[in-house]
Amino acid sequence: MTLNPPPRLPVQAPLDVESIRAQFPILKTLAHGRPLTYLDSAASTQQPERVIEAVADYHRLHHANIHRGVYGLSQTATRLHEEARAAVARFLSAAEPAECLFTRGATESINLVAASWGRANLKPGDEILLSTLEHHSNIVPWQLVAEATGARVRVIPIDDAGDLDLDAYRRLLTPRTRLVAVNHVSNALGTINPVAEIIAEAHAAGALVLIDGAQWVAHGRTDVQALDADFYVFSGHKLYGPTGIGVLYGKRHLLEAMPPYQGGGDMIERVTFAGTSYAPLPNKFEAGTPNISGAVGLGAAIDWVESIGVEAIGLHEQALLRQATERLSRIPGLAIKGTARRKSGVISWVMLDPPIATLDIGTQLDLQGICIRTGHHCCQPLMDRLGVSSTARASLGVYNRSEEIDRLAEALEAIQASSRPRVQTADGGRELVYPAAVAESPQAAAEEIAEIFELLPDWPMRHQHIIDLGDKLPTMPESLKTEANHVSGCQSQVHIAARLKPGSRDIVEFLADSDANIVRGLIALLQQLYSGQRARDIMGFDAEAFFARIGLDRHLSLTRRNGLESMVRRLRRLASPLAG
Ligand code: PLP
């Protein structure tokens, strides 16, 4: 790492993707025996050898606590930490490194501004303008500060393509607007927002602007002074750097006027019990021992990105985005969500015909080594606006190549072709049949299930077995898909109707359903374990240990495990008072 700009390689068009890929050890690994196709860089980019080595070298050779030590090692660690800050300042074109504060990431940076600037400056009647496109991390901190101060959150709407409605923005800007907080790029749709225009208009109305640059900095040049941004935030792990490190850029005069965010060591000038004076910038906002190795890794990541050229990276991703948009548009029944005029390398979609839950799309792509993101992308208000609960999203990085887009499109076509229509259970009329016990007890059923799973040596085979079980699960009548039967905490739609078996005093039985095939398979497993069993036996069964035994703990995402646990909790809640 150096204080001076690293030599920029001549911009090559197109980039030499193969030599770039060779620098990422993870891209040489296999996923379920297939080459890894990593299309989730909007969630987190992978790290090149240079970043991994910079962090490892720091730990191997240079680690000590910073600022306080009089010995050489501490001074070297301090120098490396501050060189990283200088790299950030250069990368953002900030006026000085002291305006670049290290945080845990974009989320903490926004929370810092909301808590420090917000609590000191907002009063009842003031307004904070956000947009429909925001990530929860640029919504919830403002809701918290609005609640604490009496200020109000207002929202800039979008059009159907996912572009901000700038006329509405202008109407929403009033003398009451104190701050506008919008993202530079939408993580869910890829919309690139006209932030220079947004900032100019906000300033003309007397408001400050925070730009959430989490999804921009790795894809195009950032110049906070040219933008005239008051605050600009980003995370290291979306910029080929480590997790747990991020940046808050703020104009010096604003940061100086803001109260500290956290108190502790390193952020003070003098402490007495009568009162404390604070250190100058940036230390005032960096209480406690910081993430030194994270900063070193971020500095190395910035050097690495600059050695390729962030504009060249952006151009490469734009070419892949065009290919992906063109290729996915040709898949009948697939609807792309987000068709803004300017987009970064993000493509979101839903499968409408045949309808395939995004969770199933993600799970099935995973079996082919293709990593995408499914869900609400921490943008639930945006999902509500789009009229969907989730999308499938592929997002690009510098290491992606054209063949990977083809692989994705072919895999989606194959998923579509293999999708089977569900056998619908007629609603009303007939009496509903709740599944009877398949074994003497949940434990006995578990033994039978485990025997089958143990014959299936790998996750792809176990996954297929679960899907096959789900295929045989009768659909739940619509009349039972009520709010009361809805299970929260799942990534997909899940309903469960559990009851005491008519005529019995302690036998629990249930029907359940989901829009995702993988969840339907899990429901079928739960039915084998629990439906028709005695409450006492249900309460005595350790579901968590069983799921671990058949490998579900390792292969299900946290949200799916939570969903499974929510269903088990419901059954246990019904069983508990009957268990005697
Ligand atoms: N803002 C946007 C637009 C994001 O996409 C994300 C993460 O996905 C964040 C903020 C939060 O970033 P982090 O979790 O690194 O704090």
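Above this note sits the structure.
Let me begin by describing the structure that accompanies this report. (Residues numbered from 1 in each chain as written. Predicted model: local features only at pLDDT ≥ 70, side-chain atom pairs only at ≥ 80, totals over all residues. Heavy atoms only, no water.)

Some words on the site of the ligand
Operational definition: When at least one non-hydrogen atom of a residue lies within 4 Å of a molecule or strand, that residue is treated as near it. Any pair of N or O atoms that falls within 3.5 Å is considered a polar contact. Within protein, one atom must be able to donate a hydrogen and the other to accept it, and sequence-neighbouring residues count only if both atoms are side-chain atoms. Accessibility throughout is a Shrake-Rupley quantity obtained with a 1.4 Å probe, and a residue counts as covered only by protein chains that appear here. Amino acids outside the nonpolar list (Ala, Val, Leu, Ile, Met, Phe, Trp, Tyr, Cys, Pro) and the charged list (Asp, Glu, Lys, Arg) are all regarded as polar, and Gly is one of them.
For the ligand, the full set of nearby residues is G105, A106, T107, H135, S137, N187, D212, A214, Q215, S235, H237 and K238. A distance of 2.6 Å separates an oxygen atom of the ligand from a polar atom in the side chain of H237. In isolation the ligand offers 390 Å² of accessible surface; the protein chains occlude 85% of this area. Tallied by class, the residues present in the shell around the ligand amount to 2 nonpolar, 8 polar and 2 charged.

Let's talk about the packing of aromatic side chains
Stated precisely, the cut-off is as follows: Two aromatic rings from Phe, Tyr or Trp, using only the six-membered ring of Trp, form a pair when their centres are within 6.5 Å; if the ring planes differ by under 30 degrees the pair is stacked, by over 60 it is edge-to-face, and anything between is tilted. Here a strand is any run of E in DSSP of at least two residues, a helix any run of H or I of at least four, and the numbering for each starts at the N terminus. For each residue, the accessible area found with a 1.4 Å probe, counting protein chains only, is set against the maximum for its type, and the residue is called buried under 20%, exposed over 50%, and partly exposed in between. Only Lys NZ and Arg CZ are tested; either one counts as a charge over a ring when it is within 6 Å of the ring centre and within 35 degrees of the ring normal.
Taken as a whole, this structure holds 10 aromatic pairs when the rule is applied. Relative to F234, the ring of F91 has its centre 6.5 Å away and its plane inclined at 65°; by these criteria the two rings are edge-to-face. Taken as a pair, F91 in helix α3 (residues 72-92) and F234 in strand β9 (residues 231-235) lie far apart in primary sequence, 143 residues in all. Residue classification places F91 among the buried residues on the basis of a relative accessible area of 3%. Connected via pairs of aromatic rings, a cluster forms that spans F24, Y38, Y240, W304 and Y399. Residue placement shows R499 over the ring face of Y434; its charged tip is 3.8 Å from the ring centre.

Focus on the state of the cysteines
Selection criterion: In this description, the term disulfide denotes a pair of cysteine sulfurs within 2.5 Å.
Under the defined criterion, the tally for this structure stands at 0 disulfides. Among the cysteines around C379, which has no disulfide bond, C378 carries the closest sulfur, lying 6.9 Å off.

Some remarks on the side chain of S293
The line we're drawing: Here, residues are in contact when the closest pair of their heavy atoms is within 4.5 Å.
In this structure, S293 sits in helix α10 (residues 292-308). On the basis of relative accessible area, S293 is assigned to the buried category, the value being 14%. Here S293 is in contact with V55, Y58 and H59, once residues within four sequence places are set aside.

What to know about the packing of helix α2 (residues 49-62) against α10
Defined as follows: Here an axis means a line fitted to C-alpha atoms, over the contact stretch when the element is a helix, while the angle between two N-to-C directions is reported on a 0 to 180 degree scale. Here roughly perpendicular refers to angles of 65 to 115 degrees, roughly parallel to angles under 35, roughly antiparallel to angles over 145, and oblique to all remaining angles. For a crossing to be left-handed, the near helix must be turned anticlockwise from the far one by less than a right angle; the clockwise case is right-handed.
Relative to each other, α2 and α10 sit at 150°, their axes nearing to 8 Å. On the basis of the axis angle, α2 is roughly antiparallel to α10. Remark: the crossing between α2 and α10 carries right-handed chirality. On α10, the residues that touch R50, V51, A54, V55, Y58 and H59 of α2 are I292, S293, V296, G297, A300, A301, D303, W304 and S307. Among the residues making up the contact of α2 with α10, the classes are represented as 9 nonpolar, 4 polar and 2 charged.

Quick notes on the sheet that holds strand β19 (residues 494-500)
Which entries qualify depends on this criterion: Two strands make a pair as long as DSSP finds a minimum of two bridges between them.
Ordered by their spatial adjacency, 3 strands build an open sheet running β19-β20-β21, and the pairing between neighbours is antiparallel. Of all strands in the sheet, those bounded by a partner on one side alone are β19 and β21 (533-534). With 2 bridges joining them, strand β20 (residues 507-514) and β21 adopt antiparallel strand pairing. Residue pairing across strands places I507 opposite R534, the latter belonging to β21. On the sheet, helix α17 (residues 517-530) packs against β19, β20 and β21 and is oriented at approximately 175° with respect to β20.

Taken by themselves, the reported measurements are silent on function.
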